[in-house]
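Structural overview
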Amino acid sequence: MAKTGTEKKSCGCSKKNYTSIGGQALLEGILMRGPNADCIAVRLPDGSIDTKVTETGGKKRVWKKIPVLRGIIAFIQSLVTGYKALMYSAEKSGEVTSEEEMSKFDKWLSERLGDGVMTAIGVVSLMLGLFLSLLLFKFLPMAAVSGIEMLGVKIESDILKSVIEGVIKLAIFVGYLAAVSLMKDIRVTFMYHGAEHKTISCYEAGEELTPENAARFPREHPRCGTSFLFLMVALGIAVNCFLTWSSVWLRLLSSLLALPVVMGLGYEILKLCGKYDNILTRAVSAPGKWMQKLTTREPNEKQLEVAIAALKAVIPGDGSDRISLK
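Just so we're clear, the structure is a prediction, and the values are computed from it rather than from any experiment. (Residues numbered from 1 in each chain as written. Predicted model: local features only at pLDDT ≥ 70, side-chain atom pairs only at ≥ 80, totals over all residues. Heavy atoms only, no water.)

In total, this model carries 4 aromatic pairs according to the counting rule given. Centre to centre, the rings of phenylalanine 137 and phenylalanine 173 are 6.2 Å apart; their planes meet at 75°, and the pair counts as edge-to-face. Of the two residues, phenylalanine 137 is situated in helix H3 (residues 117-150) and phenylalanine 173 in helix H4 (residues 158-180); the sequence distance between them amounts to 36 residues. Judged by its relative accessible area of 7%, phenylalanine 173 is buried. Pairwise contacts between aromatic rings join Phe137, Phe173 and Tyr176 into one cluster. (Phe/Tyr/Trp six-rings, centres within 6.5 Å; stacked < 30°, edge-to-face > 60°. Helix = DSSP H or I, 4+ residues; strand = E, 2+ residues; numbered from the N terminus. Buried < 20%, exposed > 50% of the residue type's maximum accessible area, 1.4 Å probe, protein only.)

Here we take up the pattern of salt bridges. Enumeration over the complete set of coordinates arrives at 11 salt bridges. The salt bridge involving arginine 70 is made with glutamate 268; its shortest N-O contact spans 2.8 Å. Of the two residues, arginine 70 is situated in helix H1 (residues 69-92) and glutamate 268 in helix H8 (residues 248-275); the sequence distance between them amounts to 198 residues. Residue glutamate 268 is classed as buried on the basis of its relative accessible area of 14%. With its nearest N and O atoms 3.2 Å apart, the salt bridge here joins lysine 198 to glutamate 298. Of the two residues, lysine 198 sits in helix H5 (residues 184-204) while glutamate 298 sits in the loop between helix H9 (279-295) and helix H10 (301-312), which places them 100 residues apart along the sequence. Residue lysine 198 is classed as buried on the basis of its relative accessible area of 2%. (Salt bridge = Lys/Arg side-chain N within 4 Å of Asp/Glu carboxyl O.)

What follows covers the packing of helix H7 (residues 225-240) against H9. At their nearest, the axes of H7 and H9 sit 8 Å apart, and the two run at 120° to each other. Compared by their axis directions, H7 and H9 come out oblique. At the point where H7 passes H9, the crossing takes the right-handed sense. Where H7 abuts H9, its residues Thr226, Ser227, Phe230 and Leu231 lie against Val284, Pro287, Gly288, Lys289, Met291, Gln292 and Thr295. Here the contact of H7 with H9 is composed, by residue class, of 5 nonpolar, 5 polar and 1 charged. (Axes fitted to C-alpha atoms, helices over the stretch in contact; angles between N-to-C directions. Parallel < 35°, antiparallel > 145°, perpendicular 65-115°, else oblique. Left-handed = near helix turned anticlockwise from the far one by under 90°. Contact = heavy atoms within 4.5 Å. Nonpolar A, V, L, I, M, F, W, Y, C, P; charged D, E, K, R; others polar.)

Next up on the list: a positive patch on the surface. On the surface, Lys60, Arg61, Lys64 and Lys65 cluster together into a patch of positive charge. Relative to the assigned elements, lysine 60 resides in the loop between strand S5 (49-55) and H1. For lysine 60, a relative accessible area of 78% puts it in the exposed group. (Patch = residues over 30% accessible without salt bridge, like charges linked within 9 Å, V, L, I, M, F, W, Y side chains within 5 Å. Areas by Shrake-Rupley, 256 points an atom, 1.4 Å probe, with all protein chains shown as cover. Lys, Arg positive; Asp, Glu negative; His and termini not counted. Charge placed at Lys NZ, Arg CZ, Asp CG, Glu CD.)

Further remarks concern the pairing of strand S3 (residues 29-33). With 4 of 5 residues buried, S3 is to be regarded as a mostly interior element. The pairing of strand S2 (residues 22-26) with S3 spans 5 bridges and is classified as antiparallel. Counted as the bridge partner of leucine 26 is glycine 29 from S3. Here S2 hands over to S3 after 2 residues, with glutamate 28 in that stretch at a positive phi of 55°. Where S3 lies against strand S4 (residues 37-43), 5 bridges are found, and the strand directions are antiparallel. Each bridged residue has a counterpart across the sheet, and for isoleucine 30 the counterpart in S4 is alanine 41. (Pairing = 2+ DSSP bridges.)

Laid out in structure tokens, this is it:
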């Protein structure tokens, strides 16, 4: 097992090297993305672990050297890859409904669409999810601010309107996470999310990858997607201060057009937080790590085993995933 440059055997709080490897919790599994390969590890119904490794080649792309743009492209890629991995894990873990359990309507769809039925359902689900996201985190906060003014409360400053909109958006975000965390299946997924973080932190500390070692590490990580989403909300408040309030629909359109810039800036800030360890980066990472209290749960040994199986499959032998902490 390759070491990251430190032999410290405590809680892993004094990391000297970070890794560029990142992950995503799935249904009864984890996706790990390394510099040269991706791996999906899923706990099968029989108790064994299925691993699917996809070589990515580790090719150097020109866009990876362009700040902001690389964040936009990386975000889109992660959405596509993550969605495919999620569908794969659903199938392997037994979450996909078996033929015996299918309703008449499901069977009719299967007969008409054949093997494409799951793809069609997945696309519809994705579109509905995007629509719900726009409704909850874009349109609703804007409409709420306009509603406050319609009630007779005049807000003179557009900046103050943007701040109020951002606070409402953040409240919806936190409330949404708190609500979905009450669902049994989501709680299990959040446990795998915790397993992903603990395993990566164990690797970064240079300890042997075992469930016992990984269990001692915190379940929060500064490069988590939850932190990225929080940064997008915070940056959105700043960017939206420059957008018009003359019309909710015009503001919504301009906000959507500005979204790629917010994504790119959020990516760059998160990247800096993963590369530098100082008071400023810790302060920037803190709110996102607090949010991870909602999106992660303490994993069990079997979930840590899945995370370790996924991570080991993507660790490059040449150490190309190492990022020296500054």
